[in-house]
Amino acid sequence: MKKNFLNIGLLILVILIVISNSELSTPTIARENETLNNQIEDLIPALCSGISYSEIKDLKTNDIKLIDVKIPNSANWYRNFYNAYLHSTEKGNYINDVFKQDFNAVVNLVYNNQKKCTYKAEVRINGDLKDHLDVNNLIASLDVKLEEGNIFGITRFKLLIPETRRGDEEIFATTILKHLGFLSPRSFYVNASLNGNQAHTFIFQEKLVKEMIEYNGYREGPVLETNEEYVWNSDKDSFYRRDDLFDKPAVEIGRIVNTRWANSSKENKIISLEALEAFNKSLIQTTNNRQLNNEMLGLDVGHIYVFEAANRALVANHNVTVNHNRQMFYNKLSNEFIPSYYDGNPEFFTKPPFEDIDYLNIQLLSEGAKKALEIPIDIKKLTSELNLNGLPFSEEEVERYINVFKSNLDIIKSYPKGIKLKHPTFTEQKNNRRDTNIQLLFFDFDSYNSYICNQYLDNCRDIEINKDINLFNKKITIDGLSAHLFASDKEKIINPESTLIGSKSFETIEIEDFKVRNYNNVNIDLDVKNKTITFYIKEKNQKILITSDNVLVDWSFIVKNSYIGEEFYSRSDRNLLTGCLTFYDIEFQNINIYSDSAHCEDNVNLINVDGKISFLHILNSLNDALDIDSSNVYIEEIYINNAGNDCLDLSYGTYVLNKLEFINCGDKGASIGESSVAKISDISILNSNIAVAVKDSSDVDIGKFYGMEAGTCVQLYRKKQEFGPSRLKILNYSCESENLNYIQAGSEYEEN
């Protein structure tokens, strides 16, 4: 009897131990409807009604069977469509903006595996000329904005009637430019239909917006294009463009496209106006409306000439010889304007490159062609990319085309070298444009001083601007007349010696194989013998950026921050920096980083970094401790203690991390998102709100995970529209938390 009681007692004890261990080591997963909205503040609904990570991860562009665009208000759509056609053929000669109104729509995306996704959207007619309107088939080129969901991470795109962009040549040009490393939109053939009618072939082409910028490894910044109001509306009493009525070219000014980003903070407004001012100078201080004054876009603009040479070799001149077709992205981190391909109208398959006999500084274009020839081309990979985009070329065909491309570059490289000439100044050419009643607005975002001038800048008057007005709108109205934000000060436009100010906001110090950008006079202690550099930050706006064209080996970087004062009101500053210490566009091996007491949004920020870090030691961060973006790194060991927000943030990259120890993370221990691929051998997290969060199309493997004092151990979910479900696998799980783990529908979690 005593033996039976003893056995029962032992059994109860074993059960209690098992239950106790299970509470520590086996996660309990909350179902979708059990999660409170306030538990995950940035949660958005699962993609495509919960499509799984496994279902979507290997899908390619050629897996799309059909895109059907349904417009509920179809009667008004077709009435607008017909009027647009009528006014671009019989009553005019282009598609006026009055016909480009947005219509609510539903986009049905069908894959070859019969999986179907349905997204709310807005659509409008796209294009300048009547070839974008096919009245026989009742279809038009479309501009599509998805209000939910995405297509391969794209939320804003065009569906172009192929003949409007020369079909195969547009696919070829955009694909090869992207292969060469230029900013070029993902473009591919798809079958699409309107309102369930017969399907037709369209070119799917993403737009130059946030998703495209970040997909290409950049931090979002100003996107610029030419405001075409004074190009197309040359005959205000009709819908005609009448260039024949004028003996002078149209006035062309720039505009910011992504006004939402520009207006999101004072710092972004200042960066955007800086970019707009420089772009306007490049448009106005030029010999004609076919060539930008690239020298107004920065101190080093060689990459722009490389881009122009590559486009000319593809006979895509419409993109680089028509200024109102140009699109630019301003990369504030490097103070560079990055040109993007747009509407090149390529004729590569049938014509040789054109030579502009009046091209100023043609030797710079020749040098650009020489550099373009040095960019390696992987024929096998390029062939695969073209096939995915809908061009069924063989490797032999692709190699033949590439030989023609290189031959065209050789022609451009051999253009006669002349004496380097200067573009005319504003004063020298101001009377060479059509006379208009345009009002140019000059505004200072620091002082809020503002005034407007005529196009000649010789008739100006002070005005007061309502602070609530969106100054970056395509057009604003002042005293009943159209006005356009132009620059911060007219003297910067008139003065021929005035160039982009961004490059003057820091001091550059060259140290052996790397450069230090010193913002606001940080004290530096350099020990070259021991390869150690120490930065002493004492003021709010002091920051350091490290960059290099070489591989950085065996250096140690130390940051000691003694600043105590007010916090930043914006995530990034006027230089688009979020880190007190930033490594940008650099490759290194066996680097050590130590940082203590940072007041910035990020204590340490790595952007576009490749290589190996031996040790990262970060203490006492007011906000995030370590943020790594668009990088490919191996880190042997990370130790982080006391972060006001996240200890580790990973995005848009490939990361192999060996041993991680995090203590006192105000929000997340490890936040891994934005299509990151991460392999973590061993991670220990003590005291966090969420120990491990995997988000937005990321793929993570963890060998050993130990967590204590966590609000939630694991969360897998979707935060941003352009992404989808994620995957997390943990081999050895041991974590204690207050709340249930949360795995959103579609995301996949596996634990052994």
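Look up a bit, the structure's there.
Reading guide: rules and limits
- Residues numbered from 1 in each chain as written.
- Predicted model: local features only at pLDDT ≥ 70, side-chain atom pairs only at ≥ 80, totals over all residues.
- Heavy atoms only, no water.
- Helix = DSSP H or I, 4+ residues; strand = E, 2+ residues; numbered from the N terminus.
- Rg over C-alpha atoms; globule rule 2.2 N^0.38 Å.
- Buried < 20%, exposed > 50% of the residue type's maximum accessible area, 1.4 Å probe, protein only.
- Contact = heavy atoms within 4.5 Å.
- Lys, Arg positive; Asp, Glu negative; His and termini not counted.
- Charge placed at Lys NZ, Arg CZ, Asp CG, Glu CD.
- Polar contact = N/O pair within 3.5 Å; in protein donor to acceptor, adjacent residues only side chain to side chain.
- Expected span 1.5 Å × (residues − 1).
- 1 Å grid on protein atoms, 1.4 Å probe; cavity = no way out; pocket = protein on both sides within 12 Å on 5 of 7 lines; lining within 4 Å.
- Points joined across faces, edges and corners; volume = space filled by probe spheres on them.
- Nonpolar A, V, L, I, M, F, W, Y, C, P; charged D, E, K, R; others polar.
- Disulfide = S-S within 2.5 Å.
- Pairing = 2+ DSSP bridges.
- Axes fitted to C-alpha atoms, helices over the stretch in contact; angles between N-to-C directions.
- Phe/Tyr/Trp six-rings, centres within 6.5 Å; stacked < 30°, edge-to-face > 60°.
- Lys NZ or Arg CZ within 6 Å of the ring centre and 35° of its normal.

Engineer: So what about the overall build of the chain? Which residues, and what values?
Structural biologist: The number of helices and strands found in the chain is 14 helices and 37 strands. A compact globule built from 752 residues would reach a C-alpha radius of gyration of about 27 Å, and the chain, at 28 Å, matches this within 12%. Referenced to the eigenvectors of the C-alpha coordinate spread, the extents of the chain come out at roughly 110 × 65 × 60 Å. Going through the 752 residues of the chain one by one, you find that 55% of them count as buried. In the chain, the proportion of contacts linking residues at least 24 apart, taken out of those at least 6 apart, comes to 60%. Taking the 80 positively charged and 108 negatively charged side chains of the chain as two groups, their mean positions are separated by 2 Å.

Engineer: Summarise the side chain of Glu274; cite the residues concerned and give the values.
Structural biologist: Examined against the element boundaries, Glu274 turns out to sit in helix α8 (residues 266–284). Side-chain polar atoms of Glu274 contact the side chain of Tyr330, separated by 2.4 Å.

Engineer: Account for unusual backbone geometry, with residues named and values stated.
Structural biologist: Peptide bonds are mostly trans, and most non-glycine residues show a negative phi. Unlike most non-glycine residues, Asp585 shows phi in positive territory, near 55°. As for its position among the elements, Asp585 is in strand β27 (residues 579–598). For Asp585, a relative accessible area of 43% translates into the label partly exposed. One non-glycine residue, Asn608, lies in the positive phi region at around 55°. Counting through the fold element by element, Asn608 comes out in strand β28 (residues 602–621).

Engineer: So what's going on with helix α9 (residues 302–313)? Residues and values would help.
Structural biologist: Along its twelve residues, α9 runs 17 Å from first to last C-alpha, staying within 8% of the 16 Å computed at 1.5 Å per residue. Burial analysis of α9 places ten of its twelve residues in the buried class, the great majority of the element. Looking at α9, one finds that the buried residues are Ile304, Tyr305, Val306, Phe307, Glu308, Ala309, Ala310, Asn311, Arg312 and Ala313. The elements touched by buried residues of α9 are α4 (168–179), β14 (336–340), α10 (362–373) and α12 (395–413). Where α9 ends, the next residue or the one after it, Val315, has phi of about 50°, a positive value.

Engineer: Mind laying out empty space enclosed by the protein, listing which residues take part and the relevant values?
Structural biologist: For the structure shown, the criterion picks out seven cavities of 30 Å³ or more. Approximately 150 Å³ is the volume attributed to the largest cavity. Going through the elements one at a time, α8 and α13 (426–429) are the ones with two or more residues in the lining of the largest cavity. Residues of the lining of the largest cavity, tallied by class, amount to seven nonpolar, three polar and three charged.

Engineer: So, the state of the cysteines: which residues are in play, and what are the values?
Structural biologist: Evaluation of the coordinates by the stated rule reveals five disulfides. Covalently, Cys48 is tied to Cys117 through a disulfide, its sulfur atoms 2.0 Å apart. Judged by the sign of its S-S torsion, about -95°, the cystine formed by Cys48 and Cys117 is left-handed. Of this pair, Cys48 sits in the loop between β1 (29–30) and α2 (53–56) while Cys117 sits in strand β4 (residues 116–125), placing them 69 residues apart in sequence. Since its relative accessible area comes to 7%, Cys48 is described here as buried. Disulfide partner of Cys647: Cys665, at an S-S distance of 2.1 Å. In this structure the cystine formed by Cys647 and Cys665 twists about its S-S bond by roughly -100°; its chirality is therefore left-handed.

Engineer: How would you summarise the sheet that holds strand β18 (residues 476–478) if you had to cite specific residues and measurements?
Structural biologist: Ordered by their spatial adjacency, five strands build an open sheet running β17-β16-β15-β19-β18, and the pairing between neighbours is mixed. The open sheet has two edge strands with one neighbour each: β17 (460–462) and β18. Each strand axis lies, on average, 40° off the axis of its neighbour in the sheet, ignoring direction. Across the face of the sheet, α8 comes into contact with β15 (439–443) and β19 (481–487) while running at roughly 100° to β19.

Engineer: Lay out the packing of aromatic side chains with the relevant residues and their values.
Structural biologist: In this structure the tally under the stated criterion is 28 aromatic pairs. By way of ring pairs, the aromatic residues Phe172, Phe348, Phe349, Phe393 and Tyr401 are connected into one cluster. A cation sits over an aromatic face here: Arg165 above Tyr342, 5.4 Å from the ring centre. The ring centre of Tyr215 lies 3.7 Å from the NZ or CZ of Arg186, which sits over that ring.

Engineer: Help me get a handle on the pairing of β4, residues and values and all.
Structural biologist: Both strand β3 (residues 103–111) and β4 contribute to a ladder of eight bridges, which runs antiparallel. Paired with Val106 across the two strands is Lys120, which belongs to β4. Count of turn residues in the β3/β4 antiparallel hairpin: four residues, of which Gln114 carries a positive phi of about 75°. Here β4 runs beside strand β7 (residues 142–146); their pairing, made up of five bridges, is antiparallel. Counted as the bridge partner of Glu122 is Lys145 from β7.

Spatial relationships are all this shows, so hold off on functional conclusions.
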